[in-house]
Amino acid sequence: MIGRLRPGIVGGPNVRRFIIVVLTIAVLVMVFLPRTAHLVLQGIGQPFAEAVAIPLKGLASLDYAVREWWNHYVALQGIYERNRQLRQQIQILQGELNRYREQAQAAQRLAALLRFREHVPVPTVAARVIGRNASNWYQALILDKGQNDGVEKEMGVVTPAGIVGQIVKTTASTSIVLLITDPNLAVPAVIQRTRDEGLVQGIAHEQKVRMKYIPPLSAVKVGDMVVTSGLTGGFPRGLLIGEVLKVEKGPGDLFQTAWVVPSVDVQTLEEVLIILQARPQEVREMLETPLGSPGGMMTSP
Amino acid sequence: MKLLLYAGLIFLLVPIQTTILHSLSPFGIRPDLCLVAACLIGFWTGHVEGGAMGGLLGFVQDLFSGGTLWLNTVTKALVGFSMGVLIKHFANLTSQWIFFPVVIFSLISGMVFLVFARGAIELIGVVQHLSIMLVPQALLDGMLAVVANWALTRRIAQTDKL
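Rules used throughout
Residues numbered from 1 in each chain as written. Chains lettered and ligands numbered in written order. Predicted model: local features only at pLDDT ≥ 70, side-chain atom pairs only at ≥ 80, totals over all residues. Heavy atoms only, no water. Helix = DSSP H or I, 4+ residues; strand = E, 2+ residues; numbered from the N terminus. Buried < 20%, exposed > 50% of the residue type's maximum accessible area, 1.4 Å probe, protein only. Contact = heavy atoms within 4.5 Å. Areas by Shrake-Rupley, 256 points an atom, 1.4 Å probe, with all protein chains shown as cover. Salt bridge = Lys/Arg side-chain N within 4 Å of Asp/Glu carboxyl O. Phe/Tyr/Trp six-rings, centres within 6.5 Å; stacked < 30°, edge-to-face > 60°. pLDDT = per-residue confidence, 0-100. Expected span 1.5 Å × (residues − 1). Patch = residues over 30% accessible without salt bridge, like charges linked within 9 Å, V, L, I, M, F, W, Y side chains within 5 Å. Core = buried A, V, L, I, M, F, W, Y, C linked by side-chain atoms within 4.5 Å.

Trainee: Just checking my understanding: could you explain the overall build of chain A for this structure?
Mentor: Broken down by element type, chain A carries four helices and 12 strands. Within the span of chain A, comprising 301 residues, buried residues form 42% of the whole. For chain A, contacts bridging at least 24 residues in sequence account for 57% of all contacts bridging at least 6. Just so you have it, chain A exposes about 15,900 Å², and 61% of that area is on carbon and sulfur atoms.

Structural data, given as structure tokens:
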């Protein structure tokens, strides 16, 4: 074998011993005290992430420019542009159709529920997708907006067609959104037609999601729309998640499970909207109202 | 020169992995550039630099990943360190043989991720993950390591001639 590089950077044996001891302690702390390690790493990581974000944004722009050039001038000029416009229109119309459905159903429900209005005006910020997850193990996107733009952890990410995922990490100028198709993200949801609640969770290696804990007597069927319930997760109520593809209930199962095709194609996303509040407005109001006061969570008799 | 190379790896490897590599990944499987780099650094410079650089690269990878903030840091540090230790005991290995340790380290690191990221304890799940992701990625990592190592060997041989 050809001669190896000399380990010149680490210095003499004492320095090397010191590095090994530091590395060992660091690894042990990370494994046995993950929360502490997370806080420390987050503090150290901010300047690192900022520095890495510069070449990342540069490469993302280059990648975007090359893809745009390829799609516009090499592969099917004109048809691509028309197709893109039509797809955008379909997405907007799907979103509108879903909103109208929600409005129609809301009008029929109990008057007490009306104060939980469907379309609470929520502030949003538009962000561009500048990268995909750094490993194969998570389904995530890197966005070009971060803490400087008011983005925080747990905020929801959407497109006009439906929900995309939730912010899990932020730096000053970037943020990471865990996609709805990732098994590590769960979003409370409701079947639009039957109003049965459940929990939507991603499936590994699949571009589908699963809605779990649907009541056993629910009349959920193929083709039903699944929307956010607005209970937690940074999403207001009534945002489209997807359409039921298949419903399952085994002989001994307590609940039904539905396989849902997400309304957003997360593989081809380029721009998204970040909802600038980690909790829905109605939940915030409930939490902010003092206990015992009228309208509070617990009104004393 | 070496410091410059390390700085380049730290600041460019993860951006390449998250942008350009996504468009070039066969069947949606991307090689883990940081793991390959940690292995190569461990192979060429020993366990201390392998561990330290592996940890740094893993840390940057963690910053731009949807998972916890220490998993890549620890696994990459251990991979770089183990590669250095391994090569200390098998000093006569020819550079093409790097394929096998890289594949093994990639598989082990993948299993660690499987437990922490997916919480998979069912055998069916493990088999599925092995066939769909772990093995293809490990083979891709191994092949990339051989190519990178071959290029590095040639470069160093040329420099030695001069």
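Trainee: Would you take a moment to explain the interface of chain A and chain B for this structure?
Mentor: The accessible area lost on association of the parts is a frequent measure of interface size. Counting from both sides, the interface comprises 55 residues of chain A and, opposite them, 60 residues of chain B. Here chain A is connected to chain B by zero salt bridges. Elements with a contribution of two residues or more to the side of chain A that touches chain B: helix 1 (13-32), helix 2 (34-74), strand 1 (124-132), strand 2 (140-143), strand 4 (162-170) and strand 5 (175-179) of chain A. With 17 residues, the top contributor of residues to the side of chain A that touches chain B is helix 2 of chain A.

Trainee: Help me understand the packing of aromatic side chains in this model?
Mentor: This structure, assessed with the given rule, holds six aromatic pairs over all chains. Measuring from centroid to centroid gives 5.7 Å for Phe48(A) and Phe59(B), while their planes differ by 85°, and the two rings are edge-to-face. Taken together, the residues Phe48(A) in helix 2 and Phe59(B) in helix 4 (residues 47-63) connect one chain to another. Phe48(A) gets classed as partly exposed once you look at its relative accessible area, which sits at 23%. The buried category is assigned to Phe59(B), whose relative accessible area is 5%. Between Phe99(B) and Phe100(B), the ring centres sit 5.2 Å apart and the planes meet at 90°, which makes this aromatic pair edge-to-face.

Trainee: Help me understand the confidence of the model for chain A in this model?
Mentor: Parts of the prediction with low pLDDT should not have their coordinates interpreted in detail. Residue and element names in this part refer to chain A. Per-residue pLDDT for chain A has a mean of 79; in total, 80% of the residues score no lower than 70. Counted against residues more than four places away or in other chains, residues 109-118, with its pLDDT under 50, gives 12 contacts. Throughout residues 290-301 the model reports pLDDT below 50, and contacts reaching past four residues in sequence, or to other chains, amount to 12 contacts.

Trainee: Any chance you could explain helix 5 (residues 71-89) of chain B here in plain terms?
Mentor: In an α-helix, one turn spans 3.6 residues; hence positions three or four apart end up facing the same way. For helix 5 of chain B, which comprises 19 residues, the first-to-last C-alpha distance of 27 Å matches the rise-based estimate of 27 Å (1.5 Å per residue) to within 8%. Inspection of helix 5 of chain B places Leu71(B), Asn72(B), Thr73(B), Val74(B), Thr75(B), Lys76(B), Ala77(B), Val79(B), Gly80(B), Met83(B), Gly84(B) and Ile87(B) among the buried residues, and these make up the whole buried set.

Trainee: When you look at a nonpolar patch on the surface in this model, what are you seeing that I'm missing?
Mentor: Residue and element names in this part refer to chain A. A cluster of nonpolar side chains, contributed by Val21, Ile25, Leu28, Val29, Val31, Phe32 and Leu33, occupies part of the molecular surface with about 620 Å² of accessible area. Note that phenylalanine 32 resides in helix 1. For phenylalanine 32, a relative accessible area of 63% corresponds to the exposed category.

Trainee: Looking at this structure, how should I read the nonpolar core?
Mentor: Nonpolar side chains tend toward joint burial in soluble globular proteins. Leu143(A), Met211(A), Val226(A), Ile274(A), Leu57(B) and Phe64(B) are the most contacted members of the largest nonpolar core, which totals 80 residues. In terms of residues, this core owes the most to one element, helix 2 of chain A, which gives six residues. Ignoring sequence-local partners within four residues, the contact set of Leu57(B) consists of Leu9(B), Ile10(B), Leu13(B), Val14(B), Cys34(B), Ala37(B), Ala38(B) and Ile41(B). Counting 14 residues, the second-largest nonpolar core is a separate cluster that includes Leu40(B), Ile87(B), Ile98(B) and Ala145(B).

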